[in-house]
Amino acid sequence: MPDQRRNPESLLKQAQKEERQAERGKLKIYLGAAPGVGKTFMMLKDAIAMREKGLDVVVGVVESHGREEVMALLKNLEILPPQEVLYRDHKLSEFNLDAALKRNPGLILIDEMAHTNAPGLRHNKRWQDIKEILDRRIDVYTTLNVQHIESLNDVVSQIVHTRIKETVPDSMLEMASTIELIDLPPDDLIKRLQEGKVYFPQQAELAAENFFRKGNLSALRELALRVTAERVGAEVLHYRQGQGIKHIWPTREKIMVCVGAGTQSTKLIRAARRMSASLQAQWFAVHVDAPRLELSQEQHNSAIQNLRLAEQLGAQTRIVNGFNVVTEIMDFAREQNITKLIIGKTPRSRVRDLLFSNLADELLRFSGEIDVYIITSQKTPLPKSDKPVSGQQVPLTTYGGAVAGVGLATGIDFLLHPYFHESNLIMVYFLAVTLVSLFGKVGPSVLASVLSVCAYAVFFMTPTLSFSNVQYIFTLLVMLLVTQVISHLTILTRRQAEAANASEHRTATLHSLSQQLASTRGVDKLLHIAVQYISDVFNSEVLALLSENGHLEIRARYKTEETLNAKEIGVAQWVYDLGQVAGLGTDTLPFSDSIYVPLITTQGTIGVLRLHPFQKNTLFTPEQMHLLEGCSNQVALALEVDRLQEKTKESEFKTETDRVRSSLLQAVSHNMRAPLISVMGAASTLIEMNKELPPQMILKLGNAIYTEAEQVSHLINNLLQITYLESEDVKLKKQPGSLADELNLVLKTLGKRLGKKPIKLHFPAKLPPVPFDKVLIGEVFNCLIDNAIKYTLPTSPLDISADVKDNEVIVSVEDRGPGIVPDEINKLFEKFYRGRMLATERGLGLGLAICQHIILAHGGKIWAENRKDSGAAFRFTLPLV
């Protein structure tokens, strides 16, 4: 049974997790230490059992590696056909993602989660295929070896002395609803390998010499067991938190050390580190920020330094806000299922122990089933800083406000005293104490509480200044106690509200930062957004420095106009060179009054962020440092994406330029060489045989020379025209005129080319005059009709029509030919593009590109489409105004 009401935050997290799981399929991972332990076999057995229960089960892909027991189980299941991919003259069989989505089963089996897909498929990795299937709400069973987990990649490479290239991100394991460990002792696995039940004989010999050594298998087995144990431990922790269970379940050792200010905490931290190392246990370092402690800035910084030491030694650090230190420590310990608690104790006199409670004794009293380790140490003063430190000193005006508040309450009580009983006047003092407590300072609140009791006793108790009556004394004591409780609760509520507001502000700012960075391009714009948001979150002056030829230069700043001196530039350069945080509050170059954070990308460090706190010498907490590093990583990622996009644009532009140049040279060389050869051949014949040739042959050769020369002239004219149209000096000579008249002139020019081709014109009788450049629009008609002649039979009709719609004229040229190849429709208007059906025709592929430039210059648009019956239709618009 739960110990108490469930935590609302835990309920919310659980509800959100269940909601995310409901939106996708369930993932079950069969985890093993190495190939051959039986993952695929167990997956198939479970799948057959699910099919017998009525679930629709199919096999997406399963690698049998020649294992007979696996092949026997596969006969009982439906198998999707694989997708054949040709790669380097080899035909590869890959998982068919589209077939799986189309089949849409209830459960699909996908073996070898870490597999790399062949080039050309939708996803590079098989785990990406699995993720897409899960997003389509299809359940997946899959297999995975522990060496393929991304976070263990470095550890595995040290064990097997080779880098594992195929990895699966840890997020996929977190997404799994179930992880089942398939375990087999190393000796049994080696025996299976020798019997040929893991790999084919040649592969088995190679594996036995390298990967399948007993030491390797034992280490990998331990990793697999740990991964599974951590998963189970996390599930136990989530269950306890969700059910509100407070008593400890000692399923595994967890250590917690209480950290405060001063050097005695370092002794506790080192002791906790030694204990965690000997027990191989997870450990936490926790500091309670209680309002009643009223830590100075120096003490606060000391506590943060101690937390950073714990973090360096491997602890998970936390700062907990609360009023009661003991309650906050025990609540955190029970929430995290802590089994061992380490606390320090300073020896004190017996009288002091009787009068004042001791934190160690209080924790021991409420520890319950948690083991408490008390380490004694002599109290040592904090080391004095050589820099001025601004403590949390309360302004005298706040104390003056407390006195004034009590005085005002007393004045009000004098006015109310004739009409109310003395006991009712206490409420006015309670209100005054509450208002003073809103300043958030303990000293003024305590002063207001004491002054209220004294003022009430002096001015309103009967008899005046008489403390002999026990009843009055009791009233005063209760009043003092209530005012103290009110002041402390008000201060606690105020500070918790401030902490919540600060947390909400940071979250909202980070969300806004990510959105702004995602929608912004340009280094300067990105840095301006980054420094502004980071300054708002961390209350600091921010400078952003980027590397220019190995030297750092300031590229953005916010709330500061100062320049860096030589020492600060040296710190920034050190951070850039080594990619490590340095400066204020760190162990590296701590003399600086600012903190420097590197901007690290996959290509290395590209810059440095410098933060100078508004409040001098304020240290960031470990949580703030993690947040700052997260912000810097986000900024670095945005800068890297921007640079990659710029490089991609440059690469695409260069590639396109090279493609156009190559196409131009190829087209010019091909289409000019042929007519020039013809001209040279005909001219050579005329020169050498002019006396022997009959007049008819001379005329024929002359016509051939003219025709070929005209073709060359046409090609050169197209090149000059596209160059002119792409320049910024295009000037149209538009005059209102008749499109029908211009079309008839073009048809007369093309008379020989048209031959007997039927031309059907459909122009409205009342077609209004259209402003256009007659020469250029004539070129458009000429090009479109010439294309129709090339693509259709000589007797195939050609329809040319015009219509008025929405203040523009739509002109259509439609033929009855074979139509346009679908994948070419969007390429027809590109420069130097020639359709596949014109492979035998000469030309540069500029005609339609010229048409597009002309129509766009007129303010219209041009496009191509296939007719419903047969043939192609080219349409363009011209505005009437």
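On a predicted model such as this, the values are computed, not experimentally measured, just so you know.

What follows deals with the overall build of the protein chain. From N to C terminus, the protein chain includes 27 helices and 25 strands. Counting over 881 residues, the protein chain shows a buried share of 43%. In the protein chain, the share of contacts with a sequence separation of at least 24, taken over all contacts with a separation of at least 6, comes to 69%. Element-wise, carbon and sulfur atoms account for 55% of the exposed surface of the protein chain, whose accessible area totals about 47,800 Å².

In this section: empty space enclosed by the protein. What the rule picks out here adds up to one cavity of 30 Å³ or more. Forming the walls of the largest cavity are Ala33, Ala34, Val37, Leu184, Pro185, Pro186, Leu189, Leu217 and Arg221. When contributions to the lining of the largest cavity are tallied by element, the ones reaching two or more residues are helix H8 (186-194) and helix H10 (214-243).

The next point concerns the packing of aromatic side chains. Overall, the coordinates contain four aromatic pairs when judged by the stated rule. With centroids separated by 5.8 Å and ring planes inclined at 80°, the aromatic side chains of Phe284 and Phe332 adopt a geometry described as edge-to-face. Of the two residues, Phe284 sits in strand E10 (residues 282-289) while Phe332 sits in helix H13 (residues 325-335), which places them 48 residues apart along the sequence. Ring centres of Phe781 and Phe876 lie 5.8 Å apart, and the angle between their planes is 65°; on these two criteria the pair is classed as edge-to-face. Pair noted here: Phe781 is in helix H26 (residues 774-791) and Phe876 is in strand E25 (residues 872-879), with a separation of 95 residues, a long-range link. Take Phe781 and Phe876: they sit in the same class, and that class is buried. A cation over a ring is seen here: Lys28 above Tyr141, with NZ or CZ 5.4 Å from the ring centre.

All right, on to the pattern of salt bridges then. Inspection of the entire model under this criterion finds 24 salt bridges. One salt bridge connects Lys131 with Asp135, and the closest N-O pair in it is separated by 3.7 Å. You can see Lys131 and its partner Asp135 sitting in helix H5 (residues 126-135), four residues apart, about one turn around the helix. One salt bridge in this structure joins Asp187 and Lys214, with 3.4 Å as the shortest N-O distance. Taken together, the residues Asp187 in helix H8 and Lys214 in helix H10 connect sequence positions 27 residues apart. Accessibility expressed as a relative area gives 46% for Asp187, which makes it partly exposed. Lys214 sits in the partly exposed class, given a relative accessible area of 46%.

With respect to the secondary-structure elements, Arg875 resides in strand E25. For Arg875, a relative accessible area of 16% translates into the label buried. A polar atom in the side chain of Arg875 sits 2.8 Å from the side chain of Ser812. Non-local contacts of Arg875, meaning those with residues more than four positions away in its chain, are made with Val811, Ser812, Glu814, Lys861, Ile862, Trp863 and Glu865.

Here we take up the sheet that holds strand E12 (residues 340-345). Sheet architecture is open: five strands sit in the order E11-E10-E9-E12-E13, paired in parallel fashion. Both edges of this open sheet fall to strand E11 (316-321) and strand E13 (371-376), since each of them pairs with a single strand only. Taken pair by pair, the neighbouring strands of this sheet meet at an average axis angle of 25°, ignoring direction. Of the strand pairs in this sheet, E12 and E13 are connected by six bridges, and their pairing is parallel. Bridging from a neighbouring strand, Gly344 pairs with Ile375 of E13. The sheet strands contacting helix H15 (residues 359-366) are strand E9 (254-258), E12 and E13, and the helix crosses E12 at an angle near 155°.

Moving on, we get to the confidence of the model for the protein chain. In the predicted model, the protein chain carries a mean pLDDT of 79, and the fraction of residues at 70 or more is 79%. In this model, residues 382-392 is a region of pLDDT below 50 whose contacts with residues beyond four sequence positions or in other chains number 24 contacts. Per-residue pLDDT stays below 50 along residues 464-468; that stretch engages in seven contacts with residues further than four places along the chain or on separate chains.

Turning next to a nonpolar patch on the surface. Together, Phe414, Val458 and Phe459 make up an exposed nonpolar region whose accessible area comes to about 260 Å². Tracing the backbone shows Phe414 in helix H16 (residues 396-416). Exposure remark for Phe414: the relative accessible area of 43% places this residue in the partly exposed category.

So, on to the pairing of strand E6 (residues 107-110). Every second residue of E6 is oriented toward a common face, with Leu107 and Leu109 on one face and Ile108 and Ile110 on the other, all of them buried. Bridging between strand E2 (residues 57-61) and E6 involves four bridges; their strand directions are parallel. Along E6, the bridge assignment pairs Val58 with Ile108. In this structure, E6 lies alongside strand E7 (residues 139-145), joined through four bridges in parallel fashion. Its bridge partner lying in E7, Ile108 is registered against Val140. Once the chain exits E6 it traverses H5 before rejoining the sheet at E7, and the crossover so formed is right-handed.

As for its position among the elements, Asp170 is in helix H7 (residues 170-175). Asp170 sits in the partly exposed class, given a relative accessible area of 27%. Once the C-alpha coordinates of Asp170 and Glu150 are considered, the two residues, 20 residues apart in sequence, prove to be 6.2 Å apart. Polar contacts involving the side chain of Asp170 include one to the side chain of Ser151, which spans 2.5 Å.

As a general point, the strands of a sheet are linked pairwise by backbone hydrogen bonds and lie either parallel or antiparallel. Pairing within the open sheet is mixed, and its five strands lie in the order E20-E22-E23-E25-E24. Strand pairing shows two members of the sheet lacking a second neighbour, strand E20 (759-762) and strand E24 (862-866), which therefore form its edges. Taken over all neighbouring pairs, the strand axes of this sheet differ in orientation by 15° on average, direction set aside. Where E20 lies against strand E22 (residues 798-805), four bridges are found, and the strand directions are parallel. Note that in E22 the partner of His762 across the bridge is Ser801. Against the sheet, H26 contacts E22, strand E23 (808-815) and E25, and its axis sits at roughly 170° relative to E25.

Below, the discussion takes up unusual backbone geometry. Even without a glycine there, the phi angle at Asn104 is positive, about 50°. In this fold, Asn104 is placed in the loop between helix H4 (97-103) and E6. Judged by relative accessible area, which is 47%, Asn104 ranks as partly exposed. Positioned with a positive phi, Arg137 is a non-glycine residue whose angle comes to about 65°. Owing to a relative accessible area of 57%, Arg137 belongs among the exposed residues under this scheme.

Looking now at the pairing of E22. Bridge count between E22 and E23: eight bridges; the pairing is antiparallel. Paired with Val804 across the strands is Val809, a residue of E23.

Turning next to H5. Counting buried residues along H5, seven of its 10 residues qualify, which places the element largely inside the surrounding structure. For H5, the set of buried residues is Arg126, Trp127, Asp129, Ile130, Glu132, Ile133 and Leu134. The positive-phi residue at the C-terminal boundary of H5 is Arg137, with phi of around 65°.

The next subject is the packing of H16 against helix H17 (residues 422-437). Taken N-terminus to C-terminus, the directions of H16 and H17 make an angle of 160°; their axes are 9 Å apart at the nearest point. Taken together, the axes of H16 and H17 are roughly antiparallel relative to one another. Considering only the axes of H16 and H17, their crossing is right-handed. The segment H16 lies against H17, with Gly401, Ala402, Gly405, Val406, Ala409, Thr410, Ile412, Asp413 and Leu416 engaging Leu425, Val428, Tyr429, Ala432 and Val436. For the contact of H16 with H17, the class distribution of residues is 10 nonpolar, three polar and one charged.

Before going further, it helps to spend a moment on the environment of Arg103. Looking at the element boundaries, Arg103 is found in helix H4. Judged by its relative accessible area of 27%, Arg103 is partly exposed. Residues Arg103 and Val58 lie 45 residues apart in sequence; the distance between their C-alpha atoms is 8.9 Å. With residues near it in sequence (within four places) discarded, Arg103 still touches Asp56, Val58, Glu78 and Leu80. Polar contacts involving the side chain of Arg103 include one to the side chain of Glu78, which spans 2.8 Å.

Conventions adopted
- Residues numbered from 1 in each chain as written.
- Predicted model: local features only at pLDDT ≥ 70, side-chain atom pairs only at ≥ 80, totals over all residues.
- Heavy atoms only, no water.
- Helix = DSSP H or I, 4+ residues; strand = E, 2+ residues; numbered from the N terminus.
- Buried < 20%, exposed > 50% of the residue type's maximum accessible area, 1.4 Å probe, protein only.
- Contact = heavy atoms within 4.5 Å.
- Areas by Shrake-Rupley, 256 points an atom, 1.4 Å probe, with all protein chains shown as cover.
- 1 Å grid on protein atoms, 1.4 Å probe; cavity = no way out; pocket = protein on both sides within 12 Å on 5 of 7 lines; lining within 4 Å.
- Points joined across faces, edges and corners; volume = space filled by probe spheres on them.
- Phe/Tyr/Trp six-rings, centres within 6.5 Å; stacked < 30°, edge-to-face > 60°.
- Lys NZ or Arg CZ within 6 Å of the ring centre and 35° of its normal.
- Salt bridge = Lys/Arg side-chain N within 4 Å of Asp/Glu carboxyl O.
- Polar contact = N/O pair within 3.5 Å; in protein donor to acceptor, adjacent residues only side chain to side chain.
- Pairing = 2+ DSSP bridges.
- Axes fitted to C-alpha atoms, helices over the stretch in contact; angles between N-to-C directions.
- pLDDT = per-residue confidence, 0-100.
- Patch = residues over 30% accessible without salt bridge, like charges linked within 9 Å, V, L, I, M, F, W, Y side chains within 5 Å.
- Right-handed = clockwise from strand over helix to strand, strands pointing away.
- Parallel < 35°, antiparallel > 145°, perpendicular 65-115°, else oblique.
- Left-handed = near helix turned anticlockwise from the far one by under 90°.
- Nonpolar A, V, L, I, M, F, W, Y, C, P; charged D, E, K, R; others polar.

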